[in-house]
Amino acid sequence: MTALSQTRAIPATTRHGLRDLIGACAILAVGVGCFFLFPNNLSFLTIILSISLLVMSLDLVTGVSGVATLGHAFVYGAGAYAAGIASVNGVSDPLLLLLLGSLAGLLAGVVSGALILKGHGLSQLVISIALVQLASEGVNKASFVTGGSDGLAGLTIDPLFGIFEFDLWGRTAFWLALAVVLVVAVLLRILVRSPFGMMCRGIHQDRVRVRAMGASVYLTLLKMYAISGFVGGLGGALQAVATQVVGLDSVSFTTSAEALVMLIFGGTGHIFGALAGTFVFMWFEHSVSAASPFHWLILVGILLILVVLFAPKGIYGLVGRLFQHKEV
Amino acid sequence: MDTLLDIRNLKMNFGGLKVTDDVSLNLAKGSRTALIGPNGAGKTTLINLIAGAYRPTSGSISLMGQDVTGMKDTDRVRLGLIRSFQITRLFPDLTVIDHLAMAILQREGRSAGMFKSYHRMPEVLDEAMEALARLRLDPLANRVVAQIAYGQQRLLEIAIALVLKPKVLLLDEPAAGIPSSDMDRVVAALDNLPAELAVLLIDHDMDLVRRFAREVIVLSSGAVIFRGTPEQLGSDPRVRSAYLGEDA
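Sequence order as written defines the numbering, with residues in each chain counted from 1. Chains carry letters and ligands carry numbers; both start at the beginning, A for chains and 1 for ligands, and go up in the order they are written. Local features in this predicted model are restricted to residues whose pLDDT is 70 or higher, and side-chain atom pairs enter the listing and the counts only when it is 80 or higher, whereas totals over whole chains, interfaces and linings include all residues. Values reported for side chains reflect all heavy atoms of the structure, with hydrogen atoms and water molecules removed beforehand.

Colleague: How would you summarise unusual backbone geometry if you had to cite specific residues and measurements?
Modeller: Residues and elements named next belong to chain B. Phi angles above zero are rare outside glycine, and Asn9 is one such case at about 50°. Counting from the N terminus, the helices are DSSP H or I runs at least four residues long and the strands are E runs at least two residues long. Mapped onto the secondary structure, Asn9 falls in strand β1 (residues 3-14). Whether a residue is buried, partly exposed or exposed follows from its accessible area with a 1.4 Å probe, protein chains only, as a fraction of its type maximum: under 20%, in between, or over 50%, in that order. By relative accessible area, which is 42% here, Asn9 ends up partly exposed. Positive phi outside glycine occurs at Arg136, with the angle close to 55°.

Colleague: Account for the UniProt feature "transmembrane region" (unreviewed entry) in chain A, naming residues and giving values.
Modeller: All names here are of chain A. When the UniProt feature table is mapped to this numbering, "transmembrane region" (unreviewed entry) covers residues 21-38, 95-117, 173-192, 213-239, 259-284 and 296-319. Split by type, residues 173-192 is 100% helix and 0% strand. Its first and last C-alpha atoms lie 28 Å apart. Spanning residues 259-284, this segment combines 81% helix with 0% strand, and its end C-alpha atoms are found 15 Å apart. UniProt positions are given in the numbering used here, feature names are shortened, and annotations may be inferred rather than shown by experiment.

Colleague: Run through the environment of Gly202(A), naming residues and quoting values.
Modeller: Mapped onto the elements of the fold, Gly202(A) is located in helix α8 (residues 195-205). Residue classification places Gly202(A) among the buried residues on the basis of a relative accessible area of 0%. Taking the C-alpha atoms as reference points, Gly202(A) and Ala290(A), 88 residues apart in sequence, are found 43 Å from one another. Residues in contact with Gly202(A), not counting those within four places in the same chain, are Arg207(A), Val210(A), Phe91(B) and Met102(B). Throughout, a residue-residue contact means that at least one pair of heavy atoms, one from each residue, lies within 4.5 Å.

Colleague: Give me the lowdown on the interface of chain B and chain A, citing residues and values where you can.
Modeller: Each partner contributes to the interface: chain B provides 41 residues, whereas chain A provides 32 residues. Roughly 3300 Å² of surface becomes buried between chain B and chain A when both sides are summed, with 66% attributable to carbon and sulfur atoms. Criterion for a salt bridge: a side-chain nitrogen of Lys or Arg within 4 Å of a carboxyl oxygen of Asp or Glu. At the boundary of chain B and chain A, one finds 3 salt bridges. The salt bridge involving Arg211(A) is made with Asp73(B); its shortest N-O contact spans 2.5 Å. Going through the elements one at a time, α2 (73-79), α3 (96-107), α4 (122-134) and α5 (150-163) of chain B are the ones with two or more residues in the side of chain B that touches chain A. As used here, buried area is the combined drop in accessible area, with a 1.4 Å probe, of two parts when they are placed together.

Colleague: Break down the sheet that holds strand β4 (residues 58-63) of chain B for me, citing the residues and quoting the values.
Modeller: All names here are of chain B. The antiparallel open sheet is built from 4 strands, whose spatial order is β2-β1-β4-β5. With one partner strand each, in any of the chains shown, β2 (17-28) and β5 (66-67) form the two edges of the open sheet. At least two DSSP bridges between two strands are required for those strands to pair. Sheet topology note: the β4/β5 ladder contains 2 bridges and is antiparallel. Looking at β5, one finds that Ser62 is bridged to Asp67.

Colleague: Could you give an account of helix α4 (residues 94-116) of chain A, naming the residues involved and the relevant values?
Modeller: Residues and elements named next belong to chain A. Expected helix span is taken as 1.5 Å per residue step, with the number of steps being one fewer than the number of residues. Over its 23 residues, α4 extends 32 Å from the first C-alpha to the last, a length consistent with the 33 Å expected when each residue adds 1.5 Å. Three or more residues of α4 are buried, namely Pro94, Leu97, Leu98, Gly101, Ser102, Gly105, Ala108, Gly109, Ser112, Gly113 and Ile116. The inward-facing, buried residues of α4 abut α3 (73-88), α5 (122-141), α7 (171-193) and α10 (217-243). Counting of polar contacts relies on pairs of N or O atoms within 3.5 Å, with two restrictions inside protein: one atom must be capable of donating a hydrogen and the other of accepting it, and residues adjacent in sequence are counted only when both atoms are side-chain atoms. Between the side-chain oxygen at the start of α4 and the backbone nitrogen of Leu95 there is a gap of 3.2 Å, and the oxygen is on Asp93.

Listed below in structure tokens is the structure:
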């Protein structure tokens, strides 16, 4: 039967590998292109990259695993504040700060996952909103550690690898963010296709069938939440390291809701869709708010309605459909 | 000890309604038992109780001598109690072979793997393809489940149940929705089940029941009203009454 497995399965792996390679090359090409085309916007691009980690992390729990949440900034904020607090208390190595932020995100992921996964559907949404609101208020009240509504500012970050200074133009931060996003995106694609990722996709589609195979839905999703928290926390820490400021907005309901909008915009369940959605949405928002400071929200709203009506599977789905037509 | 599944005085009430009424039955190694009864007799409820989807009001369920009455459904699966569903429960966006690979990896405790896709596990692929070939589903291996016919989805359910290597198999209307042209595949699949496997089959197709079962249990209003061979079934007045009414 080995021949069977060879004839049927290898094309699938090749196809997946090719998609990952194309995706990674596209990220790299867009990143390098942006670096040269928009040298004055590198800080903004770095924020896009850090937010894209939040959106990819949200994709793991919502797009892949089908858990409804409007409070995912909880893990992002945990990462940002962990890195920020560590930095003002003397930790200045950027990679160590990223690690601390990721671990804080992982912890926040486990805590929020343990609570949110007890609910279903609307109750999950309510729990997630309550969690992020509580976290936001907690951070606000604990001003002796977090800086409260003023946030944490003046973070001191050492040069990357002791060589590359975090300069005013944001070049080092941008390359660091691009490298992190590239590695994370490829790893998450591998994760989604792995047996564990496949089980999570199965839970999204029919959890009764998954249980009938003997798998624990709760534990599987909790693990996914932990991984998602790690990635989201990494995003938060990356923003703290890049901007050297941590504010209350990093752990807000608004950030959570925007992340969900970006995910839907890009297409759920494919990781690369989350990345594309973040980039296009934030860039569009940035451009129209500069061009039309009083009416930009109307334009953003119209764009969202158009996407939902004409590309319900988001940018990723739209691109996939175009390629299919081409193949036909 | 040959008894694999032993159910004693099982009762289940939904509010004031008795849906399972003092049911006792046991399945020995290699048994082929059919569970039949009119619509609403409580057949699927009984399967749900045995599988662990519902908790009984009273009574006990033992699996290979171990009391599993309070055990979670997933733990029962790990002990070898596998079920199929009356209404197909599959993952519409996954391929046919994805389903088999998931079941195999779960059975082997490898479903938590995070790096290697099953496409790079030849032993998993081979087993999955063999299981599909047995039901002549192998040409559909890479098709998404939403794109295959309902009858083929029913066969896939059987294939999933089999790769989980059950000791006791609960089949809830496996032939429902399968066109007559594909029935021979279901019959062949049932004929070729491992000899030592204990099977409890629910079906309304009496030809299939007669062909498959060595013992038939008839449920009516949640209670067992008949237990015997398929040959004794037609002449039993209680069965005739349950199916055709008191005047029959």
